[in-house]
Amino acid sequence: MIRYFLLGFLAFSPAALAQNGPSFDCAGAQTTAEKLICQDSELAALDQLVADRYKAAIASIRESDSGSKEAEDALRTYQRGWIGGRDECWKTDDPRDCVAWNYKRREGQLVAQYMLETPSSTARWHCGESPANEVATLFFDTTLPSVRIERGDQITTGSLTPVASGTRYDADFGQFIWIKGDEAHYRESDPDGQDFTCKITN
């Protein structure tokens, strides 16, 4: 049976894992997000935490046997895009909450994608009619609980989303896995995503 770690999501303090202050010089803060981070100790701790996770991901890539240059370039490009998305939080009704959520989600993505921690639990699922259609899920007790979804040679990551029942993790492009006991509703990424009913196999 899967164990869940929602308590860590509610009570975890990122300051416990990060140094004081953000990863950048506040004297050069320009965007609304950067200014909020420099004025808020929790946001500053989250910024430092994600910076540390990013450095660990780069180190993990460099330790790999092949394709490290391409993988490192891809990560750097994605990180720049993520920063751009974070800086768009000024357009939201609550920029501070938007910035915090973006950092928590990004930390979970980095940890799950690059296996920066040991999973808190794992599960394998048989989805749909084909016996070969299996999905593996690896759960991580990050600031915002996260999941690594493996299906064939495809790897995606998702973040915990509040729901009325069960436990749901949402990934990009409409992909999610919604777990209720020993069954799950799994949806592939859009635009051609399929829906599956899955049963746990371990």
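Residues numbered from 1 in each chain as written. Predicted model: local features only at pLDDT ≥ 70, side-chain atom pairs only at ≥ 80, totals over all residues. Heavy atoms only, no water.

Here we take up the overall build of the chain. A tally of regular secondary structure across the chain gives 5 helices and 8 strands. When each of the 202 residues of the chain is scored for burial, the buried share is 43%. Pairs at least 24 apart in sequence give 48% of the contacts found in the chain among residues at least 6 apart. On the chain, roughly 11,000 Å² of surface is accessible, and the fraction owed to carbon and sulfur atoms is 51%. (Helix = DSSP H or I, 4+ residues; strand = E, 2+ residues; numbered from the N terminus. Buried < 20%, exposed > 50% of the residue type's maximum accessible area, 1.4 Å probe, protein only. Contact = heavy atoms within 4.5 Å. Areas by Shrake-Rupley, 256 points an atom, 1.4 Å probe, with all protein chains shown as cover.)

With that settled, the discussion passes to the pairing of strand S5 (residues 167-170). In S5, alternate side chains face the same way, and those of Thr167 and Tyr169 on one face and Arg168 and Asp170 on the other are all buried. Inspection of the sheet shows strand S4 (residues 154-161) paired to S5 by 3 bridges, in the antiparallel sense. Paired with Leu160 across the two strands is Tyr169, which belongs to S5. Hairpin geometry of S4 and S5 is characterised by an intervening segment of 5 residues between the two adjacent antiparallel strands and by a positive phi of about 75° at Gly166. The pairing of S5 with strand S6 (residues 176-180) spans 4 bridges and is antiparallel. Looking at the pairing, Tyr169 lines up with Ile177 of S6. (Pairing = 2+ DSSP bridges.)

This structure, assessed with the given rule, holds 3 aromatic pairs. Arranged with centres 6.4 Å apart and planes meeting at 20°, the rings of Tyr186 and Phe196 form a pair that is stacked. Taken together, the residues span a long stretch of sequence, with Tyr186 in strand S7 (residues 183-187) and Phe196 in strand S8 (residues 195-200) at a distance of 10 residues. The exposure class of Tyr186 is buried, given its relative accessible area of 3%. (Phe/Tyr/Trp six-rings, centres within 6.5 Å; stacked < 30°, edge-to-face > 60°.)

Another aspect to go through is the layout of surface pockets. By volume, the largest pocket amounts to about 320 Å³. Contributing to the lining of the largest pocket are 17 residues, with Tyr78, Gln113, Ile155, Thr157 and Asp172 lying nearest its centre. Secondary structure elements with two or more residues in the lining of the largest pocket: helix H4 (68-86), helix H5 (95-114) and S4. Of the volumes computed, that of the second largest pocket is approximately 270 Å³. The wall of the second largest pocket is formed by 13 residues, among which Ser23, Asp47, Ala51, Gln79 and Ile83 lie closest to the centre. By residue number, the principal contributor to the lining of the second largest pocket is helix H3 (residues 41-62), which donates 5 residues. (1 Å grid on protein atoms, 1.4 Å probe; cavity = no way out; pocket = protein on both sides within 12 Å on 5 of 7 lines; lining within 4 Å. Points joined across faces, edges and corners; volume = space filled by probe spheres on them.)

What follows is about the pattern of salt bridges. On inspection of all chains with the given rule, the structure shows 18 salt bridges. Put simply, Lys199 and Glu183 hold a salt bridge, and the shortest N to O gap is 2.5 Å. Placement of Lys199 in strand S8 and of Glu183 in strand S7 is noted, with a sequence separation of 16 residues between them. Since its relative accessible area comes to 46%, Lys199 is described here as partly exposed. Accessibility expressed as a relative area gives 38% for Glu183, which makes it partly exposed. Taken together, the shared-partner salt bridges connect Glu34, Arg86 and Asp87 into one network. (Salt bridge = Lys/Arg side-chain N within 4 Å of Asp/Glu carboxyl O.)

Moving on, we come to the state of the cysteines. Evaluation of the coordinates by the stated rule reveals 3 disulfides. Disulfide pairing places Cys89 opposite Cys98 at an S-S distance of 2.0 Å. In this structure the cystine formed by Cys89 and Cys98 twists about its S-S bond by roughly -65°; its chirality is therefore left-handed. Each member of the pair, Cys89 as well as Cys98, is classed as buried. With its disulfide-bonded cysteines labelled consecutively along the sequence, the chain is connected as 1-2, 3-4, 5-6. (Disulfide = S-S within 2.5 Å.)

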